[in-house]
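Structural characterization, general
One letter stands for each residue in the lines below.
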Amino acid sequence: MTAALPSAAHLYERVRMVIPPIEWPAFVDDIDAILALKRERNAVILAHNYQTPEIFHCVADIVGDSLALARKAAETEADVIVLAGVHFMAETAKLLNPDKTVLIPDLDAGCSLADSITADDVRLMRQRYPGVPIVTYVNTSAAVKAESDICCTSGNAKAIVESLGVPRVIMLPDEYLAKNVAAETDVEILAWKGHCEVHERFSPADIRELREAHPGVTVLAHPECPPDVVAEADFSGSTAAMSDYVARKKPARVVLMTECSMSDNVAVEHPEVDFIRPCNLCPHMKRITLASIRAALEENQHEVQIDPWLAGRARRAVERMLAI
Ligand code: 13P
Ligand code: SF4
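1. Quick look at the confidence of the model for the chain
Looking at the chain as a whole, its pLDDT mean stands at 96, while 98% of the residues score no less than 70. The low-confidence segment residues 1-6, where pLDDT is below 50, has 2 contacts with residues more than four positions distant or belonging to other chains.

2. A look at the site of ligand 2
Taken together, Tyr50, Val86, Cys111, Ser112, Leu113, Asn139, Cys196, Val198, Glu224, Cys282, His284 and Met285 form the complete shell of residues around ligand 2. A breakdown of the residues in the shell around ligand 2 according to their chemical character gives 8 nonpolar, 3 polar and 1 charged.

3. Let's talk about the nonpolar core
Counting residues in each nonpolar core, the largest one holds 95 residues, and the members touching the most others are Trp24, Ile31, Met171, Ile293 and Met321. Those residues in contact with Ile293, other than ones at most four positions away along the chain, are Ile34, Ile45, Ile55, Val82, Ala84, Pro105 and Ile288. Leu210, Val217, Val229 and Ala233 belong to the second-largest nonpolar core, a separate cluster that totals 13 residues.

4. A word on the packing of aromatic side chains
Counted by the stated rule, this structure contains 3 aromatic pairs. With a centroid separation of 5.1 Å and an interplanar angle of 45°, the aromatic rings of Tyr12 and Trp24 are classed as tilted. Here the residue Tyr12 occupies a position in helix H1 (residues 12-15), and Trp24 occupies one in the loop between H1 and helix H2 (25-41), the gap between them amounting to 12 residues. For Trp24, a relative accessible area of 8% puts it in the buried group. With a centroid separation of 6.3 Å and 75° between ring planes, the pair formed by Trp24 and Phe27 is classed as edge-to-face.

5. Concerning helix H4 (residues 66-75)
Taken residue by residue, H4 has Ser66, Leu67, Leu69, Ala70 and Ala73 as its buried positions. Along the axis of H4, the buried residues cluster in a sector spanning 165°; they form a single face. Contacts made by the buried residues of H4 are with strand E1 (43-48), strand E2 (62-64), strand E3 (80-84), helix H5 (87-96) and helix H15 (308-322).

6. Quick notes on the sheet that holds strand E7 (residues 168-172)
The strand order across the open sheet built from 4 strands is E6-E5-E7-E8, with neighbouring strands paired in parallel fashion. Single-partner strands in this sheet number two, and they are strand E6 (150-152) and strand E8 (188-191). Direction aside, the axes of adjacent strands within the sheet are offset by 35° on average. Across 3 bridges, the pairing between strand E5 (residues 134-137) and E7 is parallel. If you follow Val135 over to E7, its bridge partner there is Met171. Lying over the sheet, helix H9 (residues 175-182) contacts E5, E7 and E8, oriented at roughly 170° with respect to E8.

7. Concerning the site of ligand 1
Taken together, His48, Tyr50, Asp65, Ser66, Asn139, Ser154, His199, His222, Glu224, Ser238 and Thr239 are the residues near ligand 1. At 2.6 Å from an oxygen atom of ligand 1 is found a side-chain nitrogen or oxygen belonging to Ser66. Ser154 is positioned with one of its side-chain polar atoms (N or O) 2.8 Å from an oxygen atom of ligand 1. Isolated, ligand 1 exposes 300 Å² of accessible area, and the fraction of that covered by the protein chains is 96%.

8. Details of unusual backbone geometry
If a residue is not glycine, its phi is most likely negative; likewise, a peptide bond is most likely trans. In this model, Leu172 is joined to Pro173 through a cis peptide bond whose omega is -10°. Mapping Pro173 onto the fold places it in the loop between E7 and H9. With omega at -5°, the peptide bond leading from Gln301 into His302 counts as cis. Its place among the elements puts His302 in the loop between helix H14 (290-299) and H15.

9. With respect to the sheet that holds E3
One open sheet accounts for 4 strands, arranged E2-E1-E3-E4; its pairing is parallel. Two strands lie at the open edges of the sheet, namely E2 and strand E4 (101-103), each paired on one side alone. Here the strands of the sheet are splayed against their neighbours by 20° on average, with no regard to which way each runs. Relative to E3, E1 runs parallel, the two sharing 5 bridges. In the strand pairing of E3, Ala43 is matched with Val80. Against the sheet, H14 engages E1, E3 and E4, with an angle of about 160° to E3.

What counts, and at which threshold
- Residues numbered from 1 in each chain as written.
- Chains lettered and ligands numbered in written order.
- Predicted model: local features only at pLDDT ≥ 70, side-chain atom pairs only at ≥ 80, totals over all residues.
- Heavy atoms only, no water.
- pLDDT = per-residue confidence, 0-100.
- Contact = heavy atoms within 4.5 Å.
- Near = heavy atom within 4 Å.
- Nonpolar A, V, L, I, M, F, W, Y, C, P; charged D, E, K, R; others polar.
- Core = buried A, V, L, I, M, F, W, Y, C linked by side-chain atoms within 4.5 Å.
- Buried < 20%, exposed > 50% of the residue type's maximum accessible area, 1.4 Å probe, protein only.
- Phe/Tyr/Trp six-rings, centres within 6.5 Å; stacked < 30°, edge-to-face > 60°.
- Helix = DSSP H or I, 4+ residues; strand = E, 2+ residues; numbered from the N terminus.
- Arc of directions from axis to C-beta.
- Pairing = 2+ DSSP bridges.
- Axes fitted to C-alpha atoms, helices over the stretch in contact; angles between N-to-C directions.
- Polar contact = N/O pair within 3.5 Å; in protein donor to acceptor, adjacent residues only side chain to side chain.
- Areas by Shrake-Rupley, 256 points an atom, 1.4 Å probe, with all protein chains shown as cover.

Here's what the structure looks like:
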């Protein structure tokens, strides 16, 4: 008699390109437990494009960039949302679902951009530039969002800036995103000095070396990369835009100048595309594991709580963005 296969077994087909067979058995128990816990608790897992393939392809219900995760969080009917991503993403989900349980599996899953600015800093900017609207990247705390007029993501930053119909805006806190958007619009953009510790490490020399080593390679860069990197790339866009680009154009060879798991996750969908993989790991995204997601669902940890007054003001900035 053949033993019953664990329910995770068939999922290996999805990820066999990026997870060696020797590693798979270590994931099976947690995957089975998470699938059962989701049913028991009427929970959904929202996973960012930078989550590892065993999370992204085997337990997540909704995947995408920060904008898609915010939109889908606003639509879900589940009782519990587990955010497989970083803390600001879980806060955004909570802002949009004040009555639901929102869990972040690791409280230390932060973000160098969110850490680069405080609510006091935003108040000072407003005093210094009275009347200039403040556009805040979603990679910020709820307290910073609460001081802002509207949020943006890398997927809609230009559209948000232009929607305000003014000649000048403040865009916080990512200096490079602000400069990359400024290069594409007539609106004057005042920037802050925050940087993503993952994307600031790419350089134009990296791209030139790649082009020499892999002739014909298509280079896609996230707009958190420095402007001279974006200028050397063939395309720049949010993680979802990069993924769509590969799906639409099917380049023979591609490199994604972004976090490492992104290439793995997209490669699974496009086995015919050759992914060249210099990449940088985000240590914050990597704090989320199958084990921490399982513990989150088993122990109801760590529940995101936001002061209701502050949440009301921060929600306004996120909802204004979602309305555009
Ligand atoms: P996206 O909105 O493009 O997914 O970016 C989020 C992020 O943290 C990139 O570093
Ligand atoms: Fe923050 Fe950069 Fe990590 Fe994205 S990749 S979560 S911007 S540190």
